[in-house]
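# Observations on the three-dimensional arrangement
What follows is the residue order along each chain.
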Amino acid sequence: MQSTLVKTMDTEVFEIPILLRGKLIKDYSETFGGRNGAKFLTPSAKKYANQISLSDPSKMKDLYDLSIEEIITFLHDLGQRLILKENEYLQAAYELACQASGLTPEVLHTTYQTLPMLFHPSNIREMLDKRIGIEYLESWVPTKMEDGRTIAIRAFGSRTVHIIAGNVPTVSAASLIRSCGTRCDAIFKLPSNDPLTATALIQTMMEMEPQHPITKHCSVLYWRGGDTHFEEKFYRPENIEKIIAWGGFNSIKYISRYLQPGIDLITFDPKISTSIIGRDAFQDDQTLYTVAQRAAIDVGAFNQEACLNSRIMYVQSGTTEDGIERLNTFGKILYSALVNLPSHVSTPPKIFNETLKDDIEGIRLDDDFYHIYGGKSNEGAVIVSQFDEPVDFSHRLCSRVVNLVPVDTIDTALQSVNSYTQTVGIFPESLKLQIRDILPLYGVQRVVSLGFAANASMATPQDAIEPLRRMCKWITDEKSVL
Amino acid sequence: MVLSTSKLSGERQSEMFQNPQSLVHATNDELFSLETDFVQQIQLAGAQKRFDWFYPRIKALKKLADEQNITEIKTLNDLAPILFLHTVYKSYPLAFIEKKKFDKLTVWLDKLTTHDLSAMKTDNCNSIDSWLEAIEKQSDLQIVHSTGTTGKLSFLPRSESEMENFKNAFYLFIEVLTGVNPHKTKMPVFFPSFADGRQLAQRILSRFGPMLAGSKEEYHTAIPGYLSADFMSLAGRLQAAKAKGELGKLQMLKALSYNRGELIRLKRNRPKYMAAFFDNMVKNYRGRQVFMLGTLTSMIDAALEGEKQGLSNVFASNSALVTGGGLKGQVVPEDWYERICTFYGVKNIRDGYGMTESTGYMPSCDQNHYHIYPHFIPFVFDIGGQVLPRTGVQTGRFGFYDLLTESYWGGFLTGDEVTIHWDDDQCSCGRTGPWLEKKIQRISEKNNGDDKISCAGSQEAYDSFIDYLLDTKEE
C-alpha cells in the first residue's frame, strides 16, 4: 500500500489531501496549525469549491442500484482493511492523532484497534433496522390509512455535510457508517484535532474499490471553519440538504447563519455528563468498592475527553459531618480506582490543562470547603465538596478530574441537571427506575447503569434525537381509493 | 555583606537590610543602580523576616508551608513552593454569594489575612458590597476586588497598614514614567472612570488621585458614584453565561439584579457625565500639563468618545498619560495608539506591569522593557513548575514575592508567561536589575483556555449587562 499521507520529516508538517468523489487531490498550498501544536498542509478548498458538492442530485441514483445488504458487505470489507498494524493510512492518522488529539497514544491505540468492530455487518444491520427499519430503506412500505387511502413510505438518502468532532476518532467512523448506510452523499469537514482519520477511512475505500458508487459519494477535506468566502458558496440548498454538525456553542451558532429553507441542521452540541449515586452504595464495604470501580470507568474512559464522561457525581451520602466523612472515604477509594485503570482504557493526559491545575491548587489551601485526593501531578484527582454544591470550575473538569457532591436527597441532584446534560450514570438500578421518568423533563438525554456510560452503541438514538432518521428524506406515495 | 558601589550610604544600606520596606524610601536612581548581589541579599533578609512574621498569622500560608516542609527561608528559591497561586484569592465557592452565606465567606477570608475576622458580624449581609462594607467597618481591612472576568471576583485583603507603602511605590512608578516627582510637583489628575469603588483603580486613585493633584478640586473623574462589586460580578457571570449559551442562567442572573432604578439612572446619565468630563477638560485645562491615569481600555474608550465631539490635542504635550492592563480581548481600532495620543495631545503613552496583588507596578522604560523594583523578588518557572536560574534570558511563568505587604502573604504565582532578562543582560536604558520583555501573555489564553473575557473587557461587559437588564438590546 502506497501511503500518500506523508509526514514531511524535517518540518513536522503533515500532508492532508482532498479526497473528492474517488479523486485524490494533492496540490498542497495551505498550512494550518492543528491543536496541541501539530501542523498540516492541505490543497485549497476554495479552488475546488464548485466541484465539492453534488449539484446534480440525480447522480445519487447509482446508490439505489445497491441493496442495503450489498452496502453492508461493502462496509464490512472496508472494516476488514482497517487493521492498524497493516493499514498505512490509519497508521499515519494514528501518528498525527498522537500529536493533535487530547487523547494519549495508549488510549488512541485502543480506539483505532477497535474500529473494524464498528463495521461488523451485525452492528450495521442492527443500527439500520432498529433506528430506521431496513424495509423503509429498501422499498416503499405501505400503510392503510383510516380514510381508506394507502400510503407508501420510503426513506431516501440526502446530500449531507458532516462537521465532525475530533475528540474521539470513533466519530469519523460512525459518521461514515451512518451516511453510507442511509445512501447519503457525504462530504466530511475535518476537525483540526483529528485531521486524518476520516481521510484514512475514505482513502482505504478508494483503494479498495475506486469506482464503487459508495466511494463516489464520499468526499473529505479541511477548510478553516469561518472562511465565509468559501462557505457562502458552498452551504446552499442547491448543493446540500442536511448539515450534521458536532461542536461547541460558538461553532454551532456560527453554522446556523447558513440555514435557510431547504437546509436542515442536525446538531450534536456540547454536552456534559454526570452521575447520581444513591445511599445504597454505602450499605457495605464491598458495595462501596464496586461502586467506586464502576464510577472510575465513567470518569476515566477516553481520558474524560468525551461528552459521555462523568464530571460531577451527586452522592447521597448526606451532608451531616458523618455523611461528609463517608463521602471523603468514597473519594479516596474512587481516586485509587481511577489511577489504577488499565492503560488501554485510561491514562494520565499528555498535557494537563493549566487553568484547571490553577483552579485545583487554588482551593487546596482550604480544607473546610473541599478535600482533594490526588492531582499533585497529572494523574487525575477526586475533589470532594464538603457541602452540597459542585466546584465553580465544574465546566473545566477534564483529564480525569471528578467532583463528588454530597446530597441529602435525590431531589437536589435532579435540580442540577439541565439541557446540557447528556448521560447520567445511576446506582443502584432501582434508583434509575425511580427517576428515569423525571430526568428527561430536566433535559437529560441518556440514563445508564453506573459504569456503562462509555458503552455507547451506534444503534441507539443520540442526544435525544434520531439522527439516522433525520438524515433521511421521508417520502410518501399516497394512493387514493377513487 | 557585599558592599554596593551604588549611590547609597552605608547607613541607608543597613537600613534596607533591617527593614526591606525602607526600599520605597530610596529614589528611582538609587533603586535602579543597585548591584545584583546586594539586592538579592536584601531580598533574602527581607523574605526571611516576612516569612517568620506571616507564618503563624496566616492560616493558608501555614498549611501550604507545612505541606511543602518549608520552615525557614534559607535561599530565595525556598519561597518558590509557597507562592500563592493567583486563584487562591477567588477560591471561595460562588454559592456563598448566590445563597447569601456571607458569614462563610468571612470564614474563608479569615484564613488569608493577618487580621482576625473571627468576631466579624456578616451574617446579615445581602450583597457583596454590603459584605465588604461590614468587614471594613469592623476592621482595618480595605479589601480590593478584581474585575472578575468570569464573574467570580478575587478578594485581596489589603489594609490601611500597607497604604503608605503603596503610595510610595506608586509615586516612584509615576516618577519613572513621567519624570515628575509627585512628592514635589502637583498636577491636575484626570481619571476617565467611576469615582469610587473597591476595584484596584478606584481604590488607589480615589485615595492618591487628590494627593497627586494637590487637592480634591484638581482631581477629576468621569462618572460620579460607586462601581458596585455586585454589578461587576453579575456582568462577568452574564458574559460567561452568554458565551457558554446557558440561557437558564441568564434568566436567573436577570432575576438577581436589583436596583434597576439605579441602573436606568446610570445609563441615562452616562453620556451626560462623559460630556461634562470633556467639557471640563476643554474649558478649564486645555493646553495644560496634567496627569491622565487609568486602565488602557478606559483611556481608549474616553478618547474615542471625545473624538466624536470633535476634540483633539486637549492637554499640553508634556502631560503624563500613565496606564496599564493592556488591550487583552477588547476590540479597538487598529490605529488606537496614534488616535489616543492625538486626542490627549501627548507624544506617547507610558505603562507599567502589575496586578491587583502587587504593591505598585513595574514601569516601562524608553526601550519598552518593564523594570522590576527590588521590593519584588521575581521568579520564572518552567512548565513543570521548576524555578529557572536567575541568569541570562528565561521564558516561563512569572511569580514574585512582594516585600511590602502587611496584611496578606506577599508571594504570588501569576497566570502570565513572561520573558525575563537577568542582570547579566542589562537594559540599554542604563537601569540595573532584571527586566521583562513587553510581550506578556496569559497562560490560559496560550493553551486555548475558555476564560477569554479579560479584565480589559470588563467595562464593555458592564455596559452590555446594563443593556441586557434594561432590555434595550436584542438578545
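Residues numbered from 1 in each chain as written. Chains lettered and ligands numbered in written order. Predicted model: local features only at pLDDT ≥ 70, side-chain atom pairs only at ≥ 80, totals over all residues.

### Comments concerning the overall build of chain B
Counted only if it meets this: Segments assigned H or I by DSSP are reported as helices when at least four residues long, segments assigned E as strands when at least two residues long, and all are numbered from the N terminus. Residues are called buried when their C-beta atom has 20 or more other C-beta atoms within 10 Å, exposed when it has 12 or fewer, and partly exposed otherwise; all C-beta atoms are positioned from the backbone. By the convention adopted here, residues make contact when the C-beta atoms placed from their backbones lie within 7 Å.
Per the secondary structure count, chain B includes 16 helices and 15 strands. Buried residues in chain B amount to 49% of all 475 residues. Contacts in chain B between residues far apart in sequence, at least 24 positions, make up 72% of those at least 6 positions apart.

### Examining the overall build of chain A
Convention followed: Radius of gyration: C-alpha atoms only; globule rule: 2.2 Å multiplied by the number of residues to the exponent 0.38.
Looking only at helices and strands, chain A features 19 helices and 21 strands. For 482 residues, the compact-globule estimate of 2.2 N^0.38 gives 23 Å, and chain A sits close to it at 24 Å. A principal-axis box enclosing the C-alpha atoms of chain A has dimensions of 70 × 70 × 40 Å. Put simply, of all contacts in chain A between residues at least 6 apart along the chain, 72% involve residues at least 24 apart.

### With respect to unusual backbone geometry
Residue and element names in this part refer to chain A. Residue Pro428 is reached from Phe427 by a cis peptide bond, and omega for that bond is -5 degrees. As for its placement among the helices and strands, Pro428 is situated in the loop between strand S19 (421–427) and helix H17 (429–435). Positioned with a positive phi, Arg183 is a non-glycine residue whose angle comes to about 60 degrees. Locating Arg183 in the fold gives a position in the loop between helix H8 (170–181) and strand S10 (185–189). For Arg183, a count of 23 C-beta atoms within 10 Å gives the class buried. Its identity as a non-glycine residue notwithstanding, Arg400 has a phi of 65 degrees, on the positive side.

### Digging into the sheet that holds S19 of chain A
Residue and element names in this part refer to chain A. Put simply, the rule is: Any two strands are treated as partners once DSSP identifies two or more bridges connecting them. What counts as an axis is a line fitted to C-alpha atoms, over the stretch in contact for a helix, and the angles between N-to-C directions run from 0 to 180 degrees.
Strand order in the open sheet formed by 7 strands is S16-S17-S18-S15-S14-S19-S20, and the pairing between neighbours is mixed. Strands at the two margins of the open sheet, each flanked by one partner only, are strand S16 (370–374) and strand S20 (446–449). Averaged over all adjacent pairs, the angle separating strand axes in this sheet is 20 degrees, with direction ignored. Across 4 bridges, strand S15 (residues 310–315) lies against strand S18 (residues 401–406) in parallel orientation. Following the sheet pairing, Ile312 is matched in S18 by Asn403.

### Re the interface of chain A and chain B
Definition in use: Three residue categories are used. Nonpolar comprises Ala, Val, Leu, Ile, Met, Phe, Trp, Tyr, Cys and Pro, charged comprises Asp, Glu, Lys and Arg, and polar comprises the others, including Gly.
On the chain B side, the residues contacting the 17 residues of chain A number 24 residues. Top element by residues in the side of chain A that touches chain B is helix H15 (residues 354–364) of chain A. It accounts for 7 residues. Taken together, the residues that form the side of chain A that touches chain B break down as 4 nonpolar, 5 polar and 8 charged.

### Details of the packing of helix H2 (residues 68–80) of chain A against helix H6 (residues 121–131) of chain A
Residues and elements named next belong to chain A. Basically, it comes down to this: Angle categories: roughly parallel below 35 degrees, roughly antiparallel above 145, roughly perpendicular from 65 to 115, and oblique for all the rest. Left-handed describes a crossing whose near helix is turned anticlockwise from the far helix through less than a right angle; right-handed describes the clockwise counterpart.
Relative orientation of the contacting elements H2 and H6 amounts to 140 degrees, with a least axis distance of 9 Å. When the interaxial angle is binned, H2 and H6 end up oblique. For the element pair H2 and H6, the recorded crossing hand is right-handed. Of the residues in H6, those in contact with Ile68, Ile72, Leu75 and His76 of H2 are Pro121, Ile124, Arg125 and Leu128.

### Considerations on the environment of Glu307 of chain B
Residue and element names in this part refer to chain B. Positionally, Glu307 belongs in helix H13 (residues 296–308). On a C-alpha basis, the gap between Glu307 and Leu141 in space is 41 Å, while along the polypeptide they are 166 residues apart. Once you skip the residues sitting within four places of it in the chain, Glu307 turns out to touch Arg339 and Phe343.

### Focus on the domain arrangement of chain A
Quoted interface sizes are often the accessible area lost when the parts come together. Residue and element names in this part refer to chain A. Note the cut-off: Domain start and end points were adopted from an automatic or database domain assignment.
Domain boundaries in chain A define domain 1 (7–269 + 463–478) and domain 2 (272–449). Taken over C-alpha atoms, the centre of domain 1 sits 34 Å from the centre of domain 2. Opposite the 11 residues of domain 1 that make contact, domain 2 presents 13 residues. Of the residues contributing to the side of domain 1 that touches domain 2, the split by class is 4 nonpolar, 5 polar and 2 charged.

### Comments concerning the environment of Tyr337 of chain B
Within the secondary structure, Tyr337 of chain B sits in helix H14 (residues 336–344). Classification of Tyr337 of chain B as partly exposed rests on a count of 14 C-beta atoms within 10 Å.

### What about the packing of helix H3 (residues 88–100) of chain A against helix H9 (residues 197–208) of chain A?
All names here are of chain A. With their axes 8 Å apart at the nearest point, H3 and H9 run at an angle of 180 degrees to one another. Between H3 and H9, the crossing angle belongs to the class labelled roughly antiparallel. Contacts between H3 and H9 involve Tyr89, Leu90, Ala92, Ala93 and Ala97 on the former and, on the latter, Thr197, Ala200, Gln203 and Thr204. A breakdown of the residues in the contact of H3 with H9 according to their chemical character gives 6 nonpolar, 3 polar and no charged.

### A look at helix H13 (residues 285–300) of chain A
Residue and element names in this part refer to chain A. Put simply, the rule is: Multiplying 1.5 Å by the residue count of a helix minus one yields the expected span of that helix.
Between its first and last C-alpha atoms H13 spans 22 Å; for 16 residues at 1.5 Å apiece the expected length is 22 Å, and the two agree. Every buried residue of H13 is listed here: Val291, Ala292, Arg294, Ala295, Ala296, Ile297, Asp298, Val299 and Gly300. Tucked inside the fold, the buried residues of H13 contact strand S14 (272–277), S15, helix H14 (321–339), S18 and S19. Within two residues after H13, Phe302 carries a phi angle of roughly 50 degrees, on the positive side.

### Notes on the confidence of the model for chain B
Residues and elements named next belong to chain B. Going by this rule: The predictor attaches a confidence to each residue, called pLDDT, with possible values from 0 through 100.
Taken as a whole, chain B shows an average pLDDT of 85; of its residues, 87% reach a score of 70 or greater. Confidence, read as mean pLDDT per element, is least for helix H16 (residues 458–469) in chain B (47) and greatest for strand S11 (residues 376–381) (97). In the predicted structure, residues 448–463 sits below a pLDDT of 50 and forms 48 contacts with residues beyond four places in sequence or in another chain. Segment residues 469–475: pLDDT under 50, and 10 contacts once partners within four positions in sequence are set aside and those in other chains are kept. Confidence estimates for the predicted assembly give a pTM of 0.85 and an ipTM of 0.81.

### With respect to the sheet that holds strand S21 (residues 473–479) of chain A
All names here are of chain A. Taken in spatial order, the 3 strands make up an open sheet running S7-S8-S21, and their pairing is antiparallel. Because the sheet does not close on itself, it has two edges, and the strands there are strand S7 (141–144) and S21. Direction aside, the axes of adjacent strands within the sheet are offset by 25 degrees on average. Two strands pair when backbone bridges link them, and S7 and strand S8 (residues 150–156) are joined in this way by 4 bridges, in the antiparallel orientation. In the strand pairing of S8, Val141 is matched with Ile153.

### Side note on the environment of Gly354 of chain B
Residues and elements named next belong to chain B. Its location among the elements puts Gly354 in the loop between strand S8 (350–353) and strand S9 (362–363). Look at Gly354 and you get buried, because 22 C-beta atoms sit within 10 Å. In sequence terms Gly354 and Ile372 are 18 residues apart; their C-alpha atoms lie 10.0 Å from each other.

### Things to note about the pairing of strand S12 (residues 393–402) of chain B
Residues and elements named next belong to chain B. Counting buried residues in S12 gives 7 out of 10 residues, a clear majority hidden from the surface. By the bridge criterion, 6 bridges tie S11 to S12 in an arrangement that is antiparallel. Bridge pairing links Pro378 to Phe400 in S12. Pairing analysis gives 8 bridges linking S12 to strand S13 (residues 411–421), with the strands arranged antiparallel. Counted as the bridge partner of Thr395 is Thr419 from S13.

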